[in-house]
Amino acid sequence: MNTALIQPCAERTVLCISPKLDQDTVDALASVGWHVVHAKSTQQAEKLLERGAIKVALIELPKECTAQVLSKFEACIAHSDATWIAQVWPGQAEDLLMRRFILDYCFDFVTLPCLDERLLFALGHAHGLSVLRETMSSPEPDLGRHEMIGQSEPMQLLYRGIDKCARNNAPVFIAGESGTGKELTARAIHNCSSRGRKPYVAINCAAIPPTLLQSELFGHERGAFTGALQRKIGRIEAAAEGTLFLDEIGDMPHECQAVLLRFLQEGTIERLGGEGTVRVDVRVISATHVNLEEAVAEGRFRADLYHRLCVLRLAEPPLRERGSDIKLLAEHALAMYKQDGPRKFRGFSSDAVTAMFNYDWPGNVRELINCVRRAVVMAEGRFITAADLGLPDAPHSTGRTLAEVRNEAERIAIQQALTRHAYSLSGAAAELGVSRATLYRLLNAIGLRSEPPAMKDLRLLDAHVGQNAKTSALRCTEHLSQ
Ligand SMILES: Nc1ncnc2c1ncn2[C@@H]1O[C@H](COP(=O)(O)OP(=O)(O)OP(=O)(O)O)[C@@H](O)[C@H]1O
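Computed from a prediction, not measured in an experiment: that's the story for all the values here.

Caption draft 1: Fine view of the site of the ligand. In the vicinity of the ligand there are 18 residues, among which I149, S178, G179, K182 and R366 approach most closely. In this structure, G179 approaches the ligand through a main-chain N or O atom, which is 3.0 Å from an oxygen atom. Measuring from an oxygen atom of the ligand, one finds a side-chain N or O atom of R366 at 2.9 Å. Counting residues per element, the ones that place at least two in the shell around the ligand are α7 (182–192) and α15 (364–378). Per-class residue counts for the shell around the ligand are seven nonpolar, four polar and seven charged.

Shown next, in the form of structure tokens:
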């Protein structure tokens, strides 16, 4: 069949990869509305698939199908968005390599010769699935803002904070655990501010040796120190009219803190070995993952510098508090790195999603992205599993039935009423709005004692009903047994 004569159309086109296509198959498929496009080789198939209109493809596995042939098919499938159906010869599906290929790359398989309802059903189903997948994967308009992914409430709060900070010129301090996106936030503030077209200069105060940090920030004149062969402009001057992002400010050495404070107060710098001062207009954004208030309290960070830097303050939410953003970010990471993997991934298995939601993510977004990136390389199936991500199994559900919750609430209410009434059955029953007999029956049913606990039990009791229980029990004068 001449592929050039049959143009793929957007609707119900099936690509058949086989050495030879019989006319009966073409006619039968055409009679139920399928356009058939034929490719004799994977190269021809790839060209047809590039046009993008083909949603379903039928691949005939040769009778003598080697691992090399299969890997050519795999490469072809991995670069297409079509849904694939394999046509196998009797007995072929028993072969381990074939089985793996079918399971990993195909939606379904049919055994040759096959021109019956089974094939039509599989094709129809595959087409429906492709359409469904297309609508699901169409780009979502608002996965986040400011080039950040996240729709959760804490992220919305952050976006609003970025907008407000961008409209102002005061120094901003960004607090947050490592890997939460502080650098992205700093960039977003700069980009949205009136300084957006001016330089944005970032410096990681923890990554530069303390002895060099000052000259790195303020620059130096020629001959300022041994090795200073020529004048060097510092990062502050480099950021003139723009924004300077001081990352890991909590690790800035004390002597450098003093010079930075002077710059923030006066708006001027002095290059090392220089004679005069230079006025520089720079907006400062700083961030750190350490607790800066604690550092101030412990004398590791100057309080006056802290107040200069923290005029405006944003808090980066930890990933574990971002709810379903975890899945959005994982999908974003998969989209970024899926080309690195040997196969075309369909997404995350449900156990992977559960494990992601149950994990604490101490390294936050950075850890999540790295985790997905590693899984893309190591995964062996078409879905990334919790094991591929290297995440611990989700803990078994600790959910309780409604009856259990109700019983527990009842037990606590009765225990508290008893202690409030110094173990007077009449008093507790009156407070709870039940008869004395009913309360007695309830006590038996839930296994509560009808007398004050012994001293040794008081500590246990505290855990349930608080300190009141202890004092009331000690004051007890009227026993239930009376
Ligand atoms: N909301 C987000 N959407 C997409 N990518 C994100 C998001 N938050 C963070 N990232 C990515 O996570 C990684 C870490 O982000 P970033 O360097 O901004 O974190 P950080 O808080 O500054 O970390 P550190 O405290 O270690 O310097 C980067 O690759 C960044 O692109």
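Caption draft 2: Looking closely at the packing of helix α18 (residues 425–432) against helix α19 (residues 436–446). At a minimum axis separation of 9 Å, α18 and α19 run at an interaxial angle of 95 degrees. Comparing the axis directions of α18 and α19 gives the class roughly perpendicular. Contact with α18, carried on its side by L425, S426, A428, A429 and L432, involves R436, L439, Y440 and L443 of α19 and no other residues of that element. Grouping the constituent residues of the contact of α18 with α19 by class yields seven nonpolar, one polar and one charged.

Caption draft 3: Spatial organisation of the confidence of the model for the protein chain. Here the protein chain shows a mean pLDDT of 83. Residues at 70 or above account for 87%. Counted against residues more than four places away or in other chains, residues 1–10, with its pLDDT under 50, gives 21 contacts. Across residues 455–482 the pLDDT falls below 50, and counting only partners more than four positions away or on other chains, this stretch makes 41 contacts in the model.

Caption draft 4: Focus on helix α14 (residues 350–358). Every buried residue of α14 is listed here: A352, V353, A355 and M356. Taken around the axis of α14, the buried residues stretch over an arc of 165 degrees, which confines them to a single face. Its buried side turned inward, α14 meets α13 (325–337), β15 (347–348), α15, β16 (383–384) and α16 (386–389).

Caption draft 5: Representation of the sheet that holds strand β2 (residues 35–39). Sheet architecture is open: five strands sit in the order β2-β1-β3-β4-β5, paired in parallel fashion. The open sheet has two edge strands, β2 and β5 (108–111), and neither has a second partner. Shown here is a sheet whose adjacent strand axes are inclined to one another by a mean of 25 degrees, direction ignored. Pairing of strand β1 (residues 13–17) with strand β3 (residues 56–60) involves four bridges; the strand directions are parallel. Counterpart to L15 in the pairing with β3 is A57. The sheet strands contacting helix α2 (residues 42–50) are β1, β2 and β4 (83–88), and the helix crosses β2 at an angle near 140 degrees.

Caption draft 6: Just the environment of L143, in detail. By secondary structure assignment, the location of L143 is in the loop between α5 (117–137) and α6 (153–166). Considering only alpha carbons, one finds L143 and D325, 182 residues apart in sequence, at a separation of 8.9 Å. Residue contacts for L143: discarding those within four places in its chain leaves M148, I149, G150, Q151 and L328.

Caption draft 7: Geometry of α13. Taking 1.5 Å of rise per residue, the 13 residues of α13 would be expected to cover 18 Å, and the 18 Å separating its terminal C-alpha atoms lies within 8% of that figure. Taken together, the buried positions of α13 are D325, I326, L328, L329, A330, A333, L334 and Y337.

Caption draft 8: Broad picture of the side chain of S193. In this structure, S193 sits in the loop between α7 and β7 (200–204). The class for S193 is buried, based on a relative accessible area of 10%. Look past the residues within four positions of S193 in its chain and what remains in contact with it is A166 and R283.

Rules used in this analysis
Residues numbered from 1 in each chain as written. Predicted model: local features only at pLDDT ≥ 70, side-chain atom pairs only at ≥ 80, totals over all residues. Heavy atoms only, no water. Near = heavy atom within 4 Å. Polar contact = N/O pair within 3.5 Å; in protein donor to acceptor, adjacent residues only side chain to side chain. Helix = DSSP H or I, 4+ residues; strand = E, 2+ residues; numbered from the N terminus. Nonpolar A, V, L, I, M, F, W, Y, C, P; charged D, E, K, R; others polar. Axes fitted to C-alpha atoms, helices over the stretch in contact; angles between N-to-C directions. Parallel < 35°, antiparallel > 145°, perpendicular 65-115°, else oblique. Contact = heavy atoms within 4.5 Å. pLDDT = per-residue confidence, 0-100. Buried < 20%, exposed > 50% of the residue type's maximum accessible area, 1.4 Å probe, protein only. Arc of directions from axis to C-beta. Pairing = 2+ DSSP bridges. Expected span 1.5 Å × (residues − 1).

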